[in-house]
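# Examining the three-dimensional arrangement
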Amino acid sequence: MEKRMGPVFISEPPSQVDFLNTTGASVDCLAYGNPSPRVRWRLRDGSLADNIPGLRQILPNGTLVLWPFRPEHYRQDVHADVYRCEAANVVGTVLSRDVHVRGGGYFF
């Protein structure tokens, strides 16, 4: 019988992700554990980040995708917010550092 193990990050996301609205961004969060942990993304207030068609998607592998967007589709709660990656299984839960995302076209 395999020993159970709480999640540990294999690849923790960076603390800052700046991207152009024309390129979008993807932020990886990889974790290992036994049983395999479920990876989710939380917002600044602790609520779960959900998919927003055309703007934000959480892939099955745990990658957070912020799609390229037109300037008129900018949303502060998507493109200029703080996210945290959460990896959890029956043994425990780990949270990543704060990930500050900033998307737009004028800060580079």
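Here's a quick rundown of the structure. These numbers were taken from a predicted model, which means no experiment stands behind them. (Residues numbered from 1 in each chain as written. Predicted model: local features only at pLDDT ≥ 70, side-chain atom pairs only at ≥ 80, totals over all residues. Heavy atoms only, no water.)

## Remarks on the sheet that holds strand β3 (residues 25-27)
The strand order across the open sheet built from three strands is β3-β7-β6, with neighbouring strands paired in antiparallel fashion. The outermost strands of the open sheet, each flanked by one partner alone, are β3 and β6 (56-58). Across this sheet, the average inter-strand angle for adjacent strands is 15°, counted without regard to direction. In terms of strand pairing, β3 meets strand β7 (residues 64-66) through three bridges, oriented antiparallel. Bridge pairing in β7 places S26 opposite V65. (Pairing = 2+ DSSP bridges. Helix = DSSP H or I, 4+ residues; strand = E, 2+ residues; numbered from the N terminus. Axes fitted to C-alpha atoms, helices over the stretch in contact; angles between N-to-C directions.)

## Quick word on the pattern of salt bridges
Enumeration over the complete set of coordinates arrives at nine salt bridges. D18 is the partner of R102 in a salt bridge, and the nearest nitrogen-oxygen pair spans 3.1 Å. Of the two residues, R102 sits in strand β10 (residues 99-104) while D18 sits in strand β2 (residues 16-20), which places them 84 residues apart along the sequence. The exposure class of D18 is partly exposed, given its relative accessible area of 30%. Its salt-bridge partner being D77, residue R75 comes within 2.8 Å of it at the nearest N-O pair. A relative accessible area of 37% means that D77 is categorised as partly exposed. Through salt bridges with shared partners, a single ionic network connects R40, R42 and E86. (Salt bridge = Lys/Arg side-chain N within 4 Å of Asp/Glu carboxyl O. Buried < 20%, exposed > 50% of the residue type's maximum accessible area, 1.4 Å probe, protein only.)

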